[in-house]
Amino acid sequence: MTQLLEMKDKLIRFFSRFETYIIIAVKFFIAFCMFLTVNANIGYMSRISSTPVALILALVCSVLPVNATILIGGLVVVLNMYALAMEAALVTLLLLLILYLLYFRFSPKDGVSAVLTPVLFRYNVQYVMPMASGLLRSAQSVLAVVCGTVIYYFVDGVRLNAAILTSANGEESDTLSKLNIIIGQLKGNKEMLLVILIFVVTSLVAYFVRSMPIEHSWTIAIIAGGIIQIIGLSVGFTLIGIPGKTLGVVVGGVVSVLLCFVIQFFMMNLDYARTERVQFEDDDYYYYVVAIPKKMIASKEKKVQRFGNTTTMGKRVKPANTPDKEAEKNRKAIAEELDIDENLLK
């Protein structure tokens, strides 16, 4: 544990020293992963679906606010949908506008959650997002996770039906059929509704439990969130008739719990063995305060070892013939001439 705490302290110092550059690098990495994920799944417009373009866009996003990354990512998705079908682009644009209004109204500072959620869905570790949101952010921050979840299921549904959308001949009946298929990815999508429900419950439970004045509140919140997701999604998928997802839910849930414990280690690693309880009062109130210190490594005292003669260290050594010596001689001469005490001239 001591080595881990030392590593944590070094990482914190490193981040404090190079904070600006690290934030830029993190934003670049997140944006690059987002664009690569879009290209791999709905890269229907070849001009913007190449790795060099994704690299350039990620570099631009690295120096912009996270919300700008959301807007650029949404534009890339709409353009790819336009290359697939005009109807898909229109529905996508309308959906993104609605989600943007909800996001910017209730959780405008949670852009990282909105970007990471659909990306992590591709790697089956999306379950970490609602728990991390509840641990690190406010209760309404789960709305950003919900927006990312809706985008993922909509885009993935369109991807699965891409062959049907491209085989239409452009007639009016085909247009209505396309719209029905596209809107159907949201309307009556039981899997998406189940996941959103479990995510909201998980995030709220994690938020309220970690806010409780009890010992090991973060640990309890993480374990409770993991259990809710694993049991809730496993039972829910069985009830709505979606088999074969239980193993993925269990593995993804366990990995997400471990990731949350890593977050806890860096953000809220408390030493409950040294808990202090203080009571004091003023004219209006009586206070009961519980102080729980964080686990930290005591800074090592620096020892300065000196060699040789140190009596003159730090002192100014004046040469023999200095202005002070000359002034002293002049004072003596004047004092002898005037027959007075030399100290009177100092």
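Refer to the structure presented above.
Residues numbered from 1 in each chain as written. Predicted model: local features only at pLDDT ≥ 70, side-chain atom pairs only at ≥ 80, totals over all residues. Heavy atoms only, no water.

One pass over the structure, following the stated rule, counts one cavity of 30 Å³ or more. Computed from the structure, the largest cavity encloses a volume of approximately 420 Å³. Along its surface, the largest cavity is lined by 26 residues, and Met34, Val38, Val77, Pro118 and Ile151 are the ones closest to its centre. Among the secondary structure elements, those contributing two or more residues to the lining of the largest cavity are helix 2 (19-42), helix 4 (66-84), helix 5 (86-106), helix 6 (111-121) and helix 8 (142-160). Element by element, the count of residues in the lining of the largest cavity is highest for helix 8, at seven residues. Looking at the lining of the largest cavity, its residues break down into 17 nonpolar, six polar and three charged. (1 Å grid on protein atoms, 1.4 Å probe; cavity = no way out; pocket = protein on both sides within 12 Å on 5 of 7 lines; lining within 4 Å. Points joined across faces, edges and corners; volume = space filled by probe spheres on them. Helix = DSSP H or I, 4+ residues; strand = E, 2+ residues; numbered from the N terminus. Nonpolar A, V, L, I, M, F, W, Y, C, P; charged D, E, K, R; others polar.)

On to a nonpolar patch on the surface. A contiguous nonpolar surface patch, about 590 Å² in accessible area, is contributed by Leu4, Met7, Leu11, Leu136, Val262, Phe266 and Met267. For the nonpolar patch, the elements supplying multiple residues, two or more each, are helix 1 (2-17) and helix 13 (246-267). (Patch = residues over 30% accessible without salt bridge, like charges linked within 9 Å, V, L, I, M, F, W, Y side chains within 5 Å. Areas by Shrake-Rupley, 256 points an atom, 1.4 Å probe, with all protein chains shown as cover. Salt bridge = Lys/Arg side-chain N within 4 Å of Asp/Glu carboxyl O.)

Attention now goes to the pairing of strand 2 (residues 286-291). Relative to strand 2, strand 1 (residues 276-281) is paired through six bridges, and the arrangement is antiparallel. Each bridged residue has a counterpart across the sheet, and for Glu281 the counterpart in strand 2 is Tyr286. Hairpin remark: strand 1 followed by strand 2, antiparallel, with four residues in the connecting loop. (Pairing = 2+ DSSP bridges.)

The next subject is the layout of surface pockets. To find the voids left in a structure, one rolls a probe of water-molecule size over its atoms. Considered as a void within the structure, the largest pocket measures approximately 1100 Å³ in volume. Lining the largest pocket are 29 residues, with Val26, Ile30, Val112, Leu136 and Met267 sitting closest to its centre. Listed by contribution, the elements that provide at least two residues to the lining of the largest pocket are helix 1, helix 2, helix 4, helix 6, helix 7 (128-136) and helix 13. Broken down by element, the residue count for the lining of the largest pocket peaks at six residues, all from helix 2.

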